[in-house]
Structure formats: structure tokens, C-alpha cells
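# Commentary on secondary and tertiary structure
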Amino acid sequence: MKLNILRADPAGNITVFVLDPVEKAQRAALAAQIMAIPALGAEQVGYACPPEEDVDGHMEMMGGEFCGNATRAYGMLVARQKGGLSSVRLRVSGCGHVVTAQVDCAKGTASAEMPCPRSVTRASVLGHEGTLVDLGGIAHFVVEGVAPDEGFFRAAEPVFAGIPDMDACGVIFLDGESHRMTPLVKVIGTGSLVWEGSCGSGSVACAVAQSGTLQNGGFACDYIQPAGTVRASVERRNGAVTAARIGGPVILGEVQCIEL
């Protein structure tokens, strides 16, 4: 099978977009093959879909999950395809509403709306208390003072058990003072567990966790991650998160053809 693909680098969260139509039943298996190609160094795979009339683009992730970094990278791709638009409307997997991405092609940056939390609770894993943020489709456990470790992720998996309709989950190892974070994310549909170069939804989860005492107003932070920096911002009203957004650099490669 020959496929046209494009490699995108949104703040180090390497994403390969498959530009040809692929049936949903084939996506997980094809994604595993693509992620196994060393030259691509892909952490995840997204699939371009024919857009409906009410949007500029439509993209679905390999496991049906939502990914903020992939969304803003796809937003830049669509913006370029349409002659350099500064704003595009996207339908993406794992999100129940149309997402707007803002793009600056000249500066090589893109930002995207993010889902607001369905719930935010405190939980404890191996004696370490953290914040469990359910963003709908993906949930993260944000913990401080713990060294990044796959064993800790395995111990934390039970905290996600009661979350409905979850396509992916992650543990975000955060240093609250330096704003350095290390994301370890599992996609349920593909079974992949990846130390991501950066994570957009994980960045939002950190902003939610760190702004927990804020009743009204905005909170924003640049989160330094293994392969790049993502700026996450949230707005709160009466303590509830009413808006969330991420932004940062995006590098798009050229379209290439691979054979699997």
C-alpha cells in the first residue's frame, strides 16, 4: 500500500498525517507501521478526512483520541493549503464541537482551542497526591515531585478507570517551579505508550492544576517539555474553567510517499 504522508513537528510532538483516505478499521494497524519507521520518528498518526461544508478541515487521530498539538499542526497545514489563512475551523476526533485554530504562517506558529475539563479531582498514587483532569476523550494525572517513570504510570492507571468514553490517558510529571513537564501518554485503541516530546492536552491539564485556587481571571504558562515548549492558558469564572487554549511553534515537512 502506498500512502501520501506529511511529517509535522508541533513543539516536538512529532505527528505524521496520512493524506489519503483510510478506513477506520485499518488505522490502528497502519499507525503502528508508520510509527515503526525510524526516519519519521513519529509519536502519533493523524488521518486527513474529507471536510464537511461547515469546516475548513477534518482530521481524526489513530485511536480516535483528541490531540491539541496535532490539531494546531493540522490547522497550519489546512491554512497553507487554502492560501495562508490566519484562522481555520476544524472538526477533529475526540472533540464534540468545531475547533478554531489561529495560524501565523510567517512566524511558524499556531494555536488551538482546547476542551474545558469535564471534571477535576484530586487523587493519590503511591503516596503522591496529584490532580486528575478529564478533558473528555483524554484524561491526565498531573503530579509534582515524582521522577518520570513508567512504573509510576502503571500504578496510576486505576485512577482513570471510572472515566467514561476515554480514548487516551497520560501521567504528566511536573516540576511546578521550573514549569518543566514530562508527558507519558497511552492511546487506548492502539495500545501505544509514548514518552511524548510535548503534549498539548497535558499542558492544559497542568494549567488547570496550577490555577486551581483562582476564582476569576486568566492563567497562562510556558511549559518546557523534552522536545519543545507549549504555552497553555485557561480562563476561570467562579472557579470553573470556561476556556482553554494552547499555542507554539509548528514545523511542517513536505508531502512524501511511503509504501507499507
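Just above, that's the structure.
Since the model is a prediction, treat every value here as computed from it, not as a measurement.

## Brief notes about the overall build of the chain
Per the secondary structure count, the chain includes four helices and 17 strands. Over its C-alpha trace the chain gives a radius of gyration of 17 Å, about what one expects of a compact globule, namely 18 Å for 260 residues. In terms of overall dimensions, the chain has a C-alpha envelope of 50 × 35 × 30 Å along the principal axes. Among the 260 residues that make up the chain, the fraction classed as buried is 52%. In the chain, the share of contacts with a sequence separation of at least 24, taken over all contacts with a separation of at least 6, comes to 57%. Separation between the mean location of the 19 positive side-chain charges and that of the 27 negative ones in the chain comes to 4 Å.

## Some remarks on the pairing of strand β15 (residues 228-237)
The side chains of a regular strand alternate between the sheet's two faces. Residues Gly228, Val230, Ala232, Val234 and Arg236 of β15 are buried on one face, while the alternating residues Thr229, Arg231, Ser233, Glu235 and Arg237, pointing to the opposite face, are not. Of the strand pairs in this sheet, strand β14 (residues 217-225) and β15 are connected by nine bridges, and their pairing is antiparallel. Along β15, the bridge assignment pairs Cys221 with Ala232. Counting the residues between successive antiparallel strands, the hairpin from β14 to β15 contains two residues. Pairing between β15 and strand β16 (residues 240-252): seven bridges, direction antiparallel. Bridged to Ala232 within β16 is Ile246. What sits between the antiparallel neighbours β15 and β16 is a turn of two residues, in which Asn238 has the positive phi angle 55°.

## Digging into helix α2 (residues 68-81)
Here α2 spans 20 Å end to end across 14 residues, near enough to the 20 Å set by a 1.5 Å rise per residue. Burial of α2 is extensive: 12 of the 14 residues sit out of reach of the surface. Restricting attention to buried positions, one finds in α2 the residues Gly68, Asn69, Ala70, Thr71, Arg72, Ala73, Tyr74, Gly75, Met76, Leu77, Val78 and Ala79. Positive backbone phi, approximately 90°, marks Gly83, located one or two places after α2.

## As for the nonpolar core
Counting 66 residues, the largest nonpolar core has Phe17, Val18, Tyr47, Tyr74, Val204 and Tyr223 as its most contacted members. Looking at which element gives the most residues to this core, the answer is α2, with seven residues. Leave out the neighbours within four places in its chain, and Tyr74 touches Phe17, Ala48, Cys49, Gly57, His58, Met59 and Leu90. Grouped together as the second largest cluster of nonpolar side chains are 17 residues, Leu132, Phe153, Ile163 and Val171 included.

## Observations regarding the pattern of salt bridges
Inspection of the entire model under this criterion finds 10 salt bridges. As a salt-bridge pair, Glu129 and Arg122 come within 3.2 Å of each other at their nearest N and O atoms. The class of Arg122 is exposed, set by a relative accessible area of 51%. The network of salt bridges with common partners includes Glu150, Arg154, Glu157 and Lys186.

## A few points about the packing of aromatic side chains
If you walk through the whole model with that rule in mind, you get three aromatic pairs. Three or more aromatic residues joined by ring pairs form one cluster here, namely Phe152, Phe173 and Trp195.

Basis of the calculations
- Residues numbered from 1 in each chain as written.
- Predicted model: local features only at pLDDT ≥ 70, side-chain atom pairs only at ≥ 80, totals over all residues.
- Heavy atoms only, no water.
- Helix = DSSP H or I, 4+ residues; strand = E, 2+ residues; numbered from the N terminus.
- Rg over C-alpha atoms; globule rule 2.2 N^0.38 Å.
- Buried < 20%, exposed > 50% of the residue type's maximum accessible area, 1.4 Å probe, protein only.
- Contact = heavy atoms within 4.5 Å.
- Lys, Arg positive; Asp, Glu negative; His and termini not counted.
- Charge placed at Lys NZ, Arg CZ, Asp CG, Glu CD.
- Pairing = 2+ DSSP bridges.
- Expected span 1.5 Å × (residues − 1).
- Core = buried A, V, L, I, M, F, W, Y, C linked by side-chain atoms within 4.5 Å.
- Salt bridge = Lys/Arg side-chain N within 4 Å of Asp/Glu carboxyl O.
- Phe/Tyr/Trp six-rings, centres within 6.5 Å; stacked < 30°, edge-to-face > 60°.

Functional significance is not addressed by these values, which are geometric in nature.
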